[in-house]
Each structure stands twice: as C-alpha cells, then as structure tokens.
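# Reading the structure
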Amino acid sequence: MLLSLEPRGRQSRLMLWCSPVLAAALTLVCGSLLFVALGHDPLKTLHTLLIAPVSDLYGVSELLVKTLPILLCALGLAVAYRARIWNIGAEGQLLLGALAGSALAVNIIDMQSRWALVLILLTGTLAGAAWAGLTAWLRTHFNANEILTSIMLNYIALNLLLFCVHGPLKDPAGFNFPESAMFSDASRLPLLMEDGRAHIGVYFALLALVAVWVLLQKSFVGFQIKVLGLDKRAAGFVGFREKRLIWLALLISGALAGLAGVCEVTGPIGQLVPQVSPGYGYAAITVAFLGRLNPIGILFSSLLMALLYIGGESAQMTLNLPQAITQLFQGMMLFFLLACDVLILYRPRLNLRWVRRTSTTAVTAGAL
C-alpha cells in the first residue's frame, strides 16, 4: 500500500482563495477542542480571545498598534516571495531598524525640530534595508542560501540590540534597567487619538500597502519580479537581470521591516528596550502566505494576527491561559493553510499492490 500525491489537472482559483478561510476555521475548531481539554468553556474563551479585545475604542487602537509592524513586514516579504527569494530575516531587519533609529534618537534629544523624527525614521528604514542587503550580497556573490543567511542574521541583530541596550545606549539614569533614555517629544510619532496608542505610523502602513500593490500589479518591475519567481531561466532568456531583481526585492523587504522597527520605538514604546518585538517578523511570514502574497489579503490577515496577539494577552490575564497560546494558534493556522493548499493543488492517490506469495515447497519443487 502506497500513498502518493499527483498534481490536479486543473487548479481552482476560488478554492485557493478560500483556503485561508478554511484554515482559519479549522484553527478555531482545534483551538476549541484544546480549550475543552484545558477545562475552559470554548465559547467564552474564544470570545475573550477574539471579540472582547476590540469591544471598545481603546481595543481598536491597540489592534492598529499591533497590526502596523506585522503589516509592514509582511508587505516587504510579499515582494521577496513573489520572486521566490525566501527572506526569513524580517525579524532581524526590524530589530536593526529599531536599533539604528534609537541610536540617533538618544543623541538628538535636545533637537526640538520635527525634522528629528524624519531623520530617525529614515535612519531606521535604511538600516533595515542595509541588513537585508547583507543577505542579497551573500546570495548574488557567493550563491549562499538566503534562508540560512537571513535567519542567522536575525540572531546577530538580536544580540547587537542586547549589547547596545545593556551598554552604549543604556540610560545612565535608568536605575540599571536595560533600556535607553526616553525620546524627546519631537522624536515621537504623533497619536491619532487621545484615548489610545494608535499613531500616524498607520498612515505609513497604508501608503506602503498602496505602493506594494502598484509595484506588484501595475509596474514593469513587478512583472519582472513575478517572472523571476515563476521561471528563473525564462527571466534570463528575455533579458531580466536576476541579481538586480534579487537586490531590489530584498532591499524593499528590509526597508519596510526597518520602518516597522523604528515606528515601534518612536511610537508606543518611546525608547529602546530588549522586548521591541515579540516575534512580529516571524508572524509576518505566516501573514504573507495567509494573504496569498496579495497586499489586500495581507491587510486582513495582519488584522487577524494582531487580534491573536492582543487576544492572547487578554486570555492570559483573565483566564490564566499559557503565554504560548498565541504562538500555538499561529502554528496551527500555518499548518492548516499548508495542508489545505496541498489538497487543493494535489490529488491523493492510494496505490494497492498485492504481492503473491508462493510456498517454499512449491519453489523448491519447481527448481528441481
């Protein structure tokens, strides 16, 4: 008996778009079974996890704050993934953006001009792009696998941030806590509302969404990126420069992740701390695939992922659920998405092979 997968003759585009919805539904079903096993009412727990956090204006504000870094990172990853460049380094690029922006912010605290904020945002964005540029350089010059190099650079970025926050950027008046000094008001992103923490970084995310959509859907460069992802040899035959497209895709991806990081420290946090990101860069990978690498789909999947973050915190405080519940839901969602995609693109086939056994006596007699 042998189970194999064979490609389906015709792929359903509708089913490919329904796959994320089905994956989310299966995640909710399995999550409910998990809550029952933990001794919790599944309906009450799901209400606490998915509805209660956004039941007031402050909750909506928190949802926007959490959505911003995930959306920016996922949009950048979508550009790279369309070209089949598997950038796993959005987390490190986000951390470098936060680190570089903070390094400038603590050195221009006395600067009261709004140009200070512009310089900080630009510094963080360029730092994220430069960190992704290391992956592009290793790929184009040494043919190094971008999956390995980008994920290893994540740990280097994290340790650089920890070194700086415990050393050169540590606040002398911070009672020995590993954190930088608070940024000046001129270096902070203005708030959108008085009763929440949402800030104008939301506008940056929306502009990035429109820009990525135009790039991928309406520009010739976006067409080249798609062709490179579909068939690298065909892209070379028609004169598309592979190395230039790799650099472009990774620089855009890193710049958006760096912007996400610097918006975090200049927005709700207001200083550099070791816990800048609870894993936004890794969550953005799931979001990018859940949104089918389409900017509009990524927007909705980013909102869902942000809801899981704030819902997980709420469930941890009110229901005493483990802290890992958010990561568990992320993992289940990605697993079910991949499983649905496999069943949509391939048809399982069960091959039954019957092996006829002959007795030893019969074989011996035939030989004689």
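Just so we're clear, the structure is a prediction, and the values are computed from it rather than from any experiment.

## Re the nonpolar core
- Counting residues in each nonpolar core, the largest one holds 92 residues, and the members touching the most others are Leu72, Leu75, Tyr81, Leu272 and Val276.
- Looking at which element gives the most residues to this core, the answer is helix α3 (residues 57–82), with 13 residues.
- Ignoring sequence-local partners within four residues, the contact set of leucine 72 consists of Phe204, Ala205, Ala208, Leu256, Leu259 and Ala260.

## Notes on the state of the cysteines
- As enumerated under the stated definition, the model contains zero disulfides in all.
- No disulfide involves cysteine 164; its sulfur sits 20 Å from the nearest other cysteine sulfur, which is in cysteine 73.
- For cysteine 340, which is in no disulfide, the shortest distance to another cysteine sulfur is to cysteine 18 and amounts to 11 Å.
- Under the relative-accessibility criterion, cysteine 340 is labelled buried at 8%.

## Section: the UniProt feature "transmembrane region" (unreviewed entry) in the protein
- Mapped onto this numbering, the UniProt entry annotates "transmembrane region" (unreviewed entry) at residues 63–81, 115–138, 150–169, 198–216, 245–262, 282–312 and 324–346.
- Helix makes up 100% of residues 63–81 and strand 0%, and the two end C-alpha atoms of the span are 26 Å apart.
- Here residues 150–169 is 85% helix and 0% strand, with 25 Å between the C-alpha atoms at its ends.

## A few points about a nonpolar patch on the surface
- A surface patch of nonpolar side chains, amounting to about 460 Å² of accessible area, comprises Val210, Trp213, Val214, Ile296 and Phe300.
- If you list the elements that add at least two residues to the nonpolar patch, you get α7 (201–218) and α12 (295–319).
- Position of phenylalanine 300 among the secondary structure elements: in helix α12.

About the thresholds
- Residues numbered from 1 in each chain as written.
- Predicted model: local features only at pLDDT ≥ 70, side-chain atom pairs only at ≥ 80, totals over all residues.
- Heavy atoms only, no water.
- Core = buried A, V, L, I, M, F, W, Y, C linked by side-chain atoms within 4.5 Å.
- Buried < 20%, exposed > 50% of the residue type's maximum accessible area, 1.4 Å probe, protein only.
- Helix = DSSP H or I, 4+ residues; strand = E, 2+ residues; numbered from the N terminus.
- Contact = heavy atoms within 4.5 Å.
- Disulfide = S-S within 2.5 Å.
- UniProt positions renumbered as here; feature names shortened; annotations may be inferred.
- Patch = residues over 30% accessible without salt bridge, like charges linked within 9 Å, V, L, I, M, F, W, Y side chains within 5 Å.
- Areas by Shrake-Rupley, 256 points an atom, 1.4 Å probe, with all protein chains shown as cover.
- Salt bridge = Lys/Arg side-chain N within 4 Å of Asp/Glu carboxyl O.

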